[in-house]
Structure formats: C-alpha cells, structure tokens
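Tertiary structure, described
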Amino acid sequence: MASFQTLPGFREFYPDAMARRNHLFRLWRQTATAFGFAEYDAPVLEPLDLYKTKSGNEIEAQLFSFTDKGGREVALRPEMTPTVCRLVGEKASALKRPIKWFSIAEFYRYERMQKGRGRCFFQFNADIFGEPGIEAETELIALLTQCLCGFGLTAEDFFIRLSDRNLWFYFLEALGFDDARSRSLLTAVDRYEKLGDEAFKEDAAQFGPLDEERRARILAFLAIRSLPALEAAVASLASERIAARLEDWRRLLGNLDAMGLSRFVEVDLGVVRGLAYYTGFVFEAFDRKGELRALAGGGRYDDLVGKLGYAEMPAVGFAIGDMTFALLLEQRGLMPTLVQAPDVYVVIGGPAERRAAFGDIHALRSAGYRVEYPMREMAFGKQFKAAAESGARLALIYGTDELAKGVVKVRDLGERSEREVPVVHVLGEVRGFFSGE
Ligand code: HAM
C-alpha cells in the first residue's frame, strides 16, 4: 500500500459519502432560504490575528497556523464568526437590516480526535446582525430547530439547551462576586458537566474557596430546568436588571411556544459556551440520549463587530457541525441511501448504431437527463444487465434491425414494457415519459 495516507482527522469523500454530505447541505440551504437568509462565503485562510483573543483560548490553541511566503502570520479558519463580522463590518452602512446570512463551509481545528470530532469539519452557520432584541434569538432558534427537523428528527431525538450569560453575570453579581471572579466561575460552570466539583478547584486556587452557601446557590442555579424554577431562584435577589432580563426570557420562550417549538427548548444554565465573544443568550443542541457531543452551538455576541474595529453591531448566530449530525441521522435510520441512478441507459448494437445513438445521447444530456451508455462495445445481454443494475428508469435500444426500420426501442425498465419509436421522436418520448411521472 502506498504510504500517502490522509492526515489524522482529515476526511476524504468517496462518492457515496459525498452524496450524504450534499444531502445535508441541500436541505440546510433550502431551509435557510425559506427563512429568508442569504448565502455568503469567505476565505479559508485568514490573518492569525483575527482569532487571537477573539475566539478564546481553546480555539487559539487549536489553530492550524503558519507564516506564509510573504511573512504573514496566517491561520486556517477554525470558525466563521470573526470572518462574518468583518464582512458585515466592512459594508455595514450599505446593508439592509436586519442582516440575515448563512454559509456552509469547512473549518480546521487541531483537536484531540474523538467520536464526532475531527480536525476538519463542515459547519452550517446562520447569523443575524443589527437586531438587538430577542426577535433575533427567536428566528435563529426556529431556524436551528427546522434545520434538524427537516431531516425527520423530532423532539424525541434532540433538544436545545437555552442559557444566558447576562443572567449569570447579574446573578453572580447579586451574590457578591466581582466581574473577574464571575468570569472565572463561568469557566468553571462550563467545565462542571465534565469534571463535577473538580471544575471549581482551579477557580478556588485563584480566588480562594467558595463558601458553602454560595456554592449551593450556584449548583441550584445549574439544576434549573424551567422558567418558573428560574423565576423562583432569583425572586429573593432584588435586582432590576434581573427582573428586566426575566422579561426577555418570558418573551423569548413565549415566541418559541407560539411557533410550536417549546418541546425542543429547555432552560439549562449549565451551558455557558467556551468561546470568548458571547454576551447574552447562548444555546446548544444535543441528542436526547446524551450519547453524542454537541450538534450545534451559538448565541449572542454584541461586541465582536466593534472589537474588530468597526461600528458596534448587535449579532446572534449559531453553527451546526456536520459530523455529530450525520452520526445522529445514521443512528436514527434517517440517512437515506442516496443512489445516483441515471434516468436513461442506452443499449447499442455496433459501431454504426453507436454513431446514431451518440447524437441522441448528447441531445438528451443537453436537455438535462442523466444518460449512461457502455463506453465499449458489449454483448446485448451484458448491456441489459448493466442497464438493470444502473437503476435507470428507461432503456433506449439502438439495434441494427431497429435502425434499419428507422426506429429505436424504448423499454420501461420498471414495468418491463417496450415499444418502438421513430428515431426522430426519441427526445420527445423520453420527455413525455419523465414529465408524466
Ligand atoms: P462551536 O460550538 O465551536 O461554535 O461549534 C459549533 C458546532 O460545530 C459544534 O456544536 C459541533 O457540532 C461542530 N464542531 C466544532 N468543532 C468540531 C470539530 N473539531 N469536529 C467536528 N465538529 C465540530 C462555533 O463555531 C461558533 N462560531 C458558532 C456561532 C456562529 N456562534 C455564532 N455564530
């Protein structure tokens, strides 16, 4: 075997894998378009600085970065968010608000390899710029849900955990923590699910141990799973900001309920998102069985466009990754077998018939039909076998006897019926067959 293997974590798409990938992309694209999002794309290689400090330590440590021949520090994009902020920031004054954009693109992160995680993967990104209110979150959570439901997944298969970094900061402030300590505690919260109590140890090393009472309140906050429970948990904290924020929660959940999406969304303050730029509501989609890593993640990031040096612009968005998503579809039997069958298979007698057939083959293909024929001369029996195996609906038979009579045999491979059609009418006959379906 040759020794030029793909790099660890990189993927090749043989035609069957490519068909599955296209199936995901096609439905995502169709759904985003139905929601009024416009598609964009951007470079795969970016200045390293675009990700430094903006994306956060975890992503920064995973960058594929190098110095190019012009001495520039560059990186393969690990995510789309800083890039799309630049696109929007550059043209902000010319773009009609709200700006609703999506993309489907490949990303690169030097991650530890595990199930559902690779070093290159695709994401469907959708973002809304210029809308400060929860209307943007409503629209995006609805889009995320539909991007999964469009494949046949239901509320039994996945759910969206909804959380709020603002509420966390207000809550921790009310408990007496300053900003630096709150940030460090949120990092611990982010890791709590994986590490349990250990997660808070690092914070304790920096800021001293958490007292029992506040620890208990933080853990109780983490255990909240409904709006009434959330309201009860903060009722004793006399904070106007918290009261106003709860109103946002009520409106957002009310909107989602009106769209019939309540069953997909769960209040869960355990999600705080590792990326550095999130500022408000954050959310992640997971499979219900809890067997896979996150399907999607996103949230509000009102400061990032400004941090890149442009005029401030509120923003919310999310990304679905293709790897976990494909695993979930396969587990649920929802990944279709995508056969790339031709419409028409052309069976050809000999060299003279081949000449006649070629004209029609080209005309049919130009008209948009998928047409196959044997590249080399072959016995009729073999050709009929190939036609049947190809999955084509129709066979056209260009035999010596037929052509002598000025006809072509048209065989319906499904019904196994056959009739003769004058050569000049072949294109019309094929059209009629497929339009009558
Ligand atoms: P993220 O949570 O880093 O968010 O990634 C979103 C999704 O991409 C994950 O839930 C996962 O499905 C997939 N993903 C991430 N890393 C990998 C990997 N190494 N291998 C396979 N799949 C992966 C973001 O990237 C944000 N930029 C999303 C966003 C858009 N926020 C606002 N707008």
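Above this text is the structure in question.
Being a predicted model, the structure only gives us computed values, none of them experimental.

The next point concerns helix 9 (residues 227-234). Among the residues of helix 9, those classed as buried are Leu227, Leu230 and Val234. Along the axis of helix 9, the buried residues cluster in a sector spanning 60 degrees; they form a single face. Facing away from the buried surface of helix 9 by more than 90 degrees, the exposed residues are Pro228 and Ala232. On its buried face, helix 9 is in contact with helix 5 (165-174), helix 8 (212-222), helix 10 (240-258) and strand 8 (265-267). A side-chain oxygen of the first residue of helix 9 lies 3.2 Å from the backbone nitrogen of Ala229; this N-cap is Ser226.

What follows concerns the pairing of strand 5 (residues 99-108). Of all 10 residues in strand 5, 10 are buried; the element is thus mostly enclosed. In terms of strand pairing, strand 1 (residues 38-39) meets strand 5 through 2 bridges, oriented parallel. Bridge assignment links Ala38 to a residue of strand 5, and that residue is Trp101. As paired strands, strand 5 and strand 6 (residues 120-129) are joined by 10 bridges and run antiparallel to one another. Each bridged residue has a counterpart across the sheet, and for Glu106 the counterpart in strand 6 is Phe122.

Turning to the side chain of Asp268, a few remarks are in order. With respect to the helices, strands and loops of the structure, Asp268 is situated in the loop between strand 8 and strand 9 (281-287). Here Asp268 is in contact with Arg161, Leu162, Ser163, Leu222, Ile224 and Arg225, once residues within four sequence places are set aside.

A word on a nonpolar patch on the surface. Where nonpolar side chains cluster on the molecular surface, the patch consists of Val44, Leu45 and Phe66 and spans about 230 Å² of accessible area. Along the chain, Leu45 turns up in strand 2 (residues 45-47).

In this section: the site of the ligand. In the vicinity of the ligand, 27 residues are found, and the nearest of them are Glu79, Thr81, Glu111, Asp127 and Tyr278. Arg109 places a side-chain nitrogen or oxygen 3.0 Å from an oxygen atom of the ligand. A distance of 2.8 Å separates a nitrogen atom of the ligand from a polar atom in the side chain of Asp127. Protein chains bury 96% of the 660 Å² of accessible surface belonging to the ligand in isolation. For the shell around the ligand, the elements supplying multiple residues, two or more each, are strand 6, strand 10 (296-300), strand 11 (315-321) and helix 12 (322-331). Across the shell around the ligand, the residue classes break down as 11 nonpolar, 10 polar and 6 charged.

Applying the stated rule across the entire model yields 28 aromatic pairs. Taken together, the ring pairs connect Phe13, Phe25, Trp28, Phe102, Phe122, Phe124, Phe151, Phe283, Phe318 and Phe325 into an aromatic cluster. Here the guanidinium or amino end of Arg245 rests over the ring plane of Phe281, the centre of that ring lying 4.1 Å away. We note Arg411 situated over the ring of Phe384; from NZ or CZ to the ring centre the distance is 4.4 Å.

Right, let's talk about the nonpolar core for a bit. With 75 residues, the main nonpolar core has Trp28, Phe124, Trp168, Ile218, Leu230, Ile320 and Phe325 as its most contacted residues. Top contributing element to this core by residue count: helix 4 (residues 134-149), with 9 residues. Apart from the residues lying within four places of it in its own chain, the contact partners of Ile218 are Trp168, Phe171, Leu172, Leu175, Phe177, Leu185, Phe200 and Leu210. Counting residues in hydrophobic clusters, the runner-up holds 30 residues, among them Leu50, Leu63, Val84 and Leu308.

Basis of the calculations
- Residues numbered from 1 in each chain as written.
- Predicted model: local features only at pLDDT ≥ 70, side-chain atom pairs only at ≥ 80, totals over all residues.
- Heavy atoms only, no water.
- Buried < 20%, exposed > 50% of the residue type's maximum accessible area, 1.4 Å probe, protein only.
- Helix = DSSP H or I, 4+ residues; strand = E, 2+ residues; numbered from the N terminus.
- Arc of directions from axis to C-beta.
- Contact = heavy atoms within 4.5 Å.
- Polar contact = N/O pair within 3.5 Å; in protein donor to acceptor, adjacent residues only side chain to side chain.
- Pairing = 2+ DSSP bridges.
- Patch = residues over 30% accessible without salt bridge, like charges linked within 9 Å, V, L, I, M, F, W, Y side chains within 5 Å.
- Areas by Shrake-Rupley, 256 points an atom, 1.4 Å probe, with all protein chains shown as cover.
- Salt bridge = Lys/Arg side-chain N within 4 Å of Asp/Glu carboxyl O.
- Near = heavy atom within 4 Å.
- Nonpolar A, V, L, I, M, F, W, Y, C, P; charged D, E, K, R; others polar.
- Phe/Tyr/Trp six-rings, centres within 6.5 Å; stacked < 30°, edge-to-face > 60°.
- Lys NZ or Arg CZ within 6 Å of the ring centre and 35° of its normal.
- Core = buried A, V, L, I, M, F, W, Y, C linked by side-chain atoms within 4.5 Å.

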